[in-house]
Amino acid sequence: MTTTLHLIPVGLGQADPDRWLPLAAREIAAALRCFIAENAKTARAFLKQIGTAVPLQEITIHTLRPDTQAHEIRAWLAAVPGGQDIGLVSEAGCPAVADPGALVVAQAHAAGLSVIPWTGPSSIMLGLMASGLQGQRFAFHGYAPVKAHERDAQLRAWESASHKQQQTQILIETPYRNAALFEALLRTLRDTTRLCVASALTCDDETIATRTVSQWRKAGPPDFERKPTLFLYLAS
């Protein structure tokens, strides 16, 4: 029987899985005996949250590191016993989207495995949906440069592309640097550019607000301290 790689979404916070993961996906994940994950500890916490058909200590979790080689991934996939499937989980959200799991999916296709993506939370899509910005043309950039002068130049370049192409620009930041990025956005973007700040998506303390940069300067920063936050902007 052909092995299937299941792409299992993980929560964006501590919210009840009933809120963000369909029952069918939970049942599949609970039955799997082998996973590939960025962090085994995080993966076990997720499995403990949804419940498993076998004890956690009997579940194999391969760690996907930045330097993991293709031949290692092929070996993991080949070692799955016949008739069993394997799961891929991210640190948060949907695997293989803004996530190194795409390397695993590529090897699964090359090996002739079936690949099934399961519905779950993607901060990129949820933030875009709720922003009111351009949803047909958008670009996700990941992290902006850390150095201030490089970051400011990049934010302006993305704003220029946004204006020319009417394209929403999407980026994230390490939670403890949210304030620094927010201040940089207000310092570098045009007054009329619309900026959405979406924090703690799917969680009880979720906040989403879209204002012009000028309005944000008057309103002040939202409550995003140490919360996973998505920043989206569209230049008029």
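Residues numbered from 1 in each chain as written. Predicted model: local features only at pLDDT ≥ 70, side-chain atom pairs only at ≥ 80, totals over all residues. Heavy atoms only, no water.

In the annotation of an unreviewed UniProt entry, the chain is listed under the name SAM-dependent methyltransferase and assigned to Castellaniella ginsengisoli.

**A look at the overall build of the chain**
When you go through the chain residue by residue, the secondary structure sums to 8 helices and 10 strands. Against the compact-globule benchmark of 18 Å for 236 residues, the chain has a radius of gyration of 20 Å, which places it among compact chains. Dimensions of the chain, computed from the C-alpha atoms along their principal axes, are close to 60 × 35 × 30 Å. By the burial criterion, 45% of the 236 residues in the chain qualify as buried. Within the chain, contacts between residues at least 6 apart in sequence are counted, and of these 74% link residues at least 24 apart. A total of about 11700 Å² of accessible surface is found on the chain, and carbon and sulfur atoms cover 52% of it. Of note, the chain has its 22 positive side-chain charges centred 6 Å away from the centre of its 21 negative side-chain charges. (Helix = DSSP H or I, 4+ residues; strand = E, 2+ residues; numbered from the N terminus. Rg over C-alpha atoms; globule rule 2.2 N^0.38 Å. Buried < 20%, exposed > 50% of the residue type's maximum accessible area, 1.4 Å probe, protein only. Contact = heavy atoms within 4.5 Å. Areas by Shrake-Rupley, 256 points an atom, 1.4 Å probe, with all protein chains shown as cover. Lys, Arg positive; Asp, Glu negative; His and termini not counted. Charge placed at Lys NZ, Arg CZ, Asp CG, Glu CD.)

**Focus on the layout of surface pockets**
Over the atoms a probe the size of a water molecule is rolled, and this reveals where empty space is left. Of the voids in this model, the largest pocket is the one considered here, and its volume is about 600 Å³. Among the residues making up the lining of the largest pocket, the classes are represented as 16 nonpolar, 5 polar and 4 charged. In this model, the second largest pocket occupies a volume close to 260 Å³. Lining the second largest pocket are 14 residues, with Gly11, Gly13, Gln14, Thr42 and Glu91 sitting closest to its centre. Looking at the lining of the second largest pocket residue by residue, the classes come out as 7 nonpolar, 5 polar and 2 charged. (1 Å grid on protein atoms, 1.4 Å probe; cavity = no way out; pocket = protein on both sides within 12 Å on 5 of 7 lines; lining within 4 Å. Points joined across faces, edges and corners; volume = space filled by probe spheres on them. Nonpolar A, V, L, I, M, F, W, Y, C, P; charged D, E, K, R; others polar.)

**Section: the pairing of strand β6 (residues 138-143)**
Here β6 pairs with strand β7 (residues 168-173) via 4 bridges, running parallel. Note on β7: the bridge partner recorded for Ala139 is Gln169. (Pairing = 2+ DSSP bridges.)

**Some details on a nonpolar patch on the surface**
A contiguous nonpolar surface patch, about 310 Å² in accessible area, is contributed by Met125, Met129 and Phe138. Looking at where Met129 falls in the secondary structure, it is placed in helix α5 (residues 123-131). On the accessibility criterion, Met129 (66% relative accessible area) is exposed. (Patch = residues over 30% accessible without salt bridge, like charges linked within 9 Å, V, L, I, M, F, W, Y side chains within 5 Å. Salt bridge = Lys/Arg side-chain N within 4 Å of Asp/Glu carboxyl O.)

**Some thoughts on the pairing of strand β3 (residues 60-63)**
By the bridge criterion, 4 bridges tie strand β2 (residues 34-37) to β3 in an arrangement that is parallel. Each bridged residue has a counterpart across the sheet, and for Ile36 the counterpart in β3 is His62. Running through helix α2 (residues 40-50), the crossover from β2 to the neighbouring parallel element β3 is right-handed. (Right-handed = clockwise from strand over helix to strand, strands pointing away.)

**Here we look at the sheet that holds strand β1 (residues 4-8)**
In spatial order, the strands read β3-β2-β4-β1-β5; together these 5 strands make up an open sheet with parallel pairing. Each edge of the open sheet is held by one strand with a lone partner, namely β3 and β5 (114-117). Neighbouring strand axes in the sheet, compared pairwise and without regard to direction, differ in orientation by 25 degrees on average. Docked against the sheet, helix α4 (residues 102-110) engages β1, β2, β4 (86-89) and β5, running at close to 160 degrees with respect to β1. (Axes fitted to C-alpha atoms, helices over the stretch in contact; angles between N-to-C directions.)

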